[in-house]
Amino acid sequence: MLNRNSKIYVAGHRGMVGGAIVRRLHALGYTNLVTRAHSELDLCNQAAVEAFFDSEKPEAVVLAAAKVGGIHANNTYPADFIMDNLLMECNVIRGAHHFGCQRLLFLGSSCIYPKLAQQPMREDALLTGNLESTNEPYAVAKIAGIKLCESYNRQYGRDYRSVMPTNLYGENDNFHPENSHVIPAMMRRFHEAKLRGDEEVVVWGTGTPMREFLHVDDMAAASVHVLLLDKATYDVNTQPMLSHINVGTGVDCTIAELASTMARVIGYQGRVVFDTTKPDGTPRKLMDVERLAALGWRYSIPLEVGLARTYAWYVNHYGEVRQI
């Protein structure tokens, strides 16, 4: 049982999600946190990871570290995405087990589900169809992480858990013009169009695909909620070989609705134009979050509120038109 003095290692604390989890733990009074920057600990280095666990011996681990990126990055560096993520997962999960850490929380991604999974996507859709080809290497690595956790639970009686978030956004997101996801990319485009006085902003596709978005602070709250659940409650709501839990809002919107909300939040007065020559991608991606609701958690930050908070952070950090 974890208490406020338990030593908890948060891997990936400088990332958007890991940083939010650290803030959430601190807010709840968990101050005995262990973190390491990449320059201090390379999670792809097995010997270094084992030396770290031997020295620190944390009581719990949150594995939020990952190599992430958008479609362009996944298509350009598929070998890096599968190898780096597999190495990190294997090294951290094995190190945690080898040095006696009983509880671990692994953070995955909604891309683990088949490209044509029935909507909303339930946990039992895993491994029932083909993955989206553009991020298949990353998705395979995340599936492997889930199965590593389940395998250590089955063979050694560990309490290793997995959460699969929907599309995340929020403070400390990646706003790079080529490598960012839809919300930070759209936010930057609308903001810069506003500053330049552009008459229109072009959005890729028809605007009809539907997507679900979760603010990173809600993701952190859900992750900590699952981490701190007593084992009996967690086990009752999961299965030994189907132990991961979806994290999302259970609410989606069209890309056109997202663009309209974004324009309103940013104060952009021009036209929104859809380039229908560009691909739409999957028609809909919505998470079934009933398992998480049964465990006592639902989201609390509506999309427009979350976008306004994120935009305030963005303006403070990248207020002028310049390269990131």
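The structure presented is a predicted model; accordingly, all values stated were derived computationally and were not measured. (Residues numbered from 1 in each chain as written. Predicted model: local features only at pLDDT ≥ 70, side-chain atom pairs only at ≥ 80, totals over all residues. Heavy atoms only, no water.)

1. Some remarks on the sheet that holds strand S11 (residues 253-254)
- One open sheet accounts for 3 strands, arranged S11-S8-S13; its pairing is mixed. At either end of the open sheet lies a strand with only one pairing partner, and these are S11 and strand S13 (284-285).
- The pairing of strand S8 (residues 210-211) with S13 spans 2 bridges and is parallel. Looking at the pairing, Met-210 lines up with Arg-284 of S13. (Pairing = 2+ DSSP bridges. Helix = DSSP H or I, 4+ residues; strand = E, 2+ residues; numbered from the N terminus.)

2. Examining the pattern of salt bridges
- Following the criterion strictly, the structure yields 20 salt bridges and no others.
- Here Arg-196 ties to Glu-192 by a salt bridge, and the two come within 3.8 Å at their closest N and O atoms. In this pair, Arg-196 and Glu-192 are both assigned in helix H6 (residues 182-196), 4 residues apart and thus about one turn of the helix distant.
- Taking relative accessible area as the criterion, Arg-196 reaches 48% and is therefore assigned partly exposed.
- Between Arg-284 and Asp-252 there is a salt bridge; the shortest N-O distance is 2.7 Å. Placement of the pair is Arg-284 in strand S13 and Asp-252 in the loop between strand S10 (244-247) and S11, with a sequence separation of 32 residues. (Salt bridge = Lys/Arg side-chain N within 4 Å of Asp/Glu carboxyl O. Buried < 20%, exposed > 50% of the residue type's maximum accessible area, 1.4 Å probe, protein only.)

3. Notes on the environment of Asn-3
- Along the chain, the position of Asn-3 falls in the segment before strand S1 (8-11).
- Residues Asn-3 and Ser-223, spaced 220 residues apart in sequence, show a C-alpha to C-alpha distance of 16 Å.
- Side-chain polar atoms of Asn-3 contact the backbone nitrogen of Asn-5, separated by 2.8 Å. (Polar contact = N/O pair within 3.5 Å; in protein donor to acceptor, adjacent residues only side chain to side chain.)

4. A word on unusual backbone geometry
- The residue after Gln-119, namely Pro-120, is reached through a cis peptide bond having omega -10°.
- One can find Pro-120 in the loop between strand S4 (103-107) and helix H5 (136-156).
- The backbone of Lys-57 shows a phi angle near 45°, a positive value even though the residue is not glycine.
- The topology assignment puts Lys-57 in the loop between helix H2 (46-56) and strand S3 (60-63).
- Accessibility expressed as a relative area gives 44% for Lys-57, which makes it partly exposed.
- Phi angles above zero are rare outside glycine, and Leu-127 is one such case at about 65°.

5. Overview of the side chain of Lys-285
- Secondary-structure assignment places Lys-285 in strand S13.
- Filtering out sequence-adjacent residues up to four positions away, Lys-285 remains in contact with Ser-110, Cys-111, Gln-119, Met-121, Met-210, Arg-211 and Glu-212. (Contact = heavy atoms within 4.5 Å.)

6. Notes on the sheet that holds S10
- Judged by pairing direction, the sheet is parallel, and its 6 strands sit side by side in the order S2-S1-S3-S4-S5-S10 without closing on themselves. The outermost strands of the open sheet, each flanked by one partner alone, are strand S2 (33-34) and S10.
- With 4 bridges joining them, S1 and S3 adopt parallel strand pairing. Bridge pairing in S3 places Ala-11 opposite Leu-63.
- Docked against the sheet, helix H4 (residues 78-98) engages S3, S4 and strand S5 (159-165), running at close to 175° with respect to S3. (Axes fitted to C-alpha atoms, helices over the stretch in contact; angles between N-to-C directions.)

7. Details of the environment of Val-92
- With respect to the element layout, Val-92 can be found in helix H4.
- Val-92 gets classed as buried once you look at its relative accessible area, which sits at 0%.
- On a C-alpha basis, the gap between Val-92 and Val-265 in space is 40 Å, while along the polypeptide they are 173 residues apart.
- For Val-92, the residues in contact, after removing those within four places along its chain, are Leu-43, Val-49, Phe-53, Val-61, Leu-63 and Leu-104.

8. Some words on the nonpolar core
- Counting residues in each nonpolar core, the largest one holds 38 residues, and the members touching the most others are Tyr-9, Leu-43, Phe-53, Val-61, Leu-104, Tyr-113 and Tyr-160.
- The set of elements that each furnish at least two residues to this core consists of S1, H2, S3, H4, S4, H5 and S5.
- Not counting residues within four places of it along the chain, the set of residues in contact with Tyr-160 comprises Ile-93, Ala-96, His-97, Cys-101, Gln-102, Arg-103, Leu-104, Cys-149, Tyr-152 and Asn-153. (Core = buried A, V, L, I, M, F, W, Y, C linked by side-chain atoms within 4.5 Å.)

9. Examining the layout of surface pockets
- By volume, the second largest pocket amounts to about 160 Å³.
- Surrounding the second largest pocket, Glu-150, Asn-153, Arg-154, Arg-158, Asp-159, Lys-231, Tyr-234, Asp-235, Thr-238, Gln-239, Pro-240 and Ser-243 form its lining.
- Among the secondary structure elements, those contributing two or more residues to the lining of the second largest pocket are H5 and helix H8 (231-236).
- Looking at the lining of the second largest pocket residue by residue, the class counts come to 2 nonpolar, 4 polar and 6 charged. (1 Å grid on protein atoms, 1.4 Å probe; cavity = no way out; pocket = protein on both sides within 12 Å on 5 of 7 lines; lining within 4 Å. Points joined across faces, edges and corners; volume = space filled by probe spheres on them. Nonpolar A, V, L, I, M, F, W, Y, C, P; charged D, E, K, R; others polar.)

10. A short note on the packing of H4 against H5
- Running from N to C, H4 and H5 cross one another at 15°; their axes reach a closest spacing of 8 Å. When the interaxial angle is binned, H4 and H5 end up roughly parallel. By crossing handedness, the relation of H4 to H5 is classed as right-handed. Listed contacts from H5 to Pro-78, Phe-81, Ile-82, Asn-85, Leu-86, Glu-89, Cys-90, Ile-93, Arg-94 and His-97 of H4 are Pro-137, Tyr-138, Val-140, Ala-141, Lys-142, Ala-144, Gly-145, Leu-148, Cys-149, Tyr-152 and Tyr-156.
- Per-class residue counts for the contact of H4 with H5 are 15 nonpolar, 3 polar and 3 charged. (Parallel < 35°, antiparallel > 145°, perpendicular 65-115°, else oblique. Left-handed = near helix turned anticlockwise from the far one by under 90°.)

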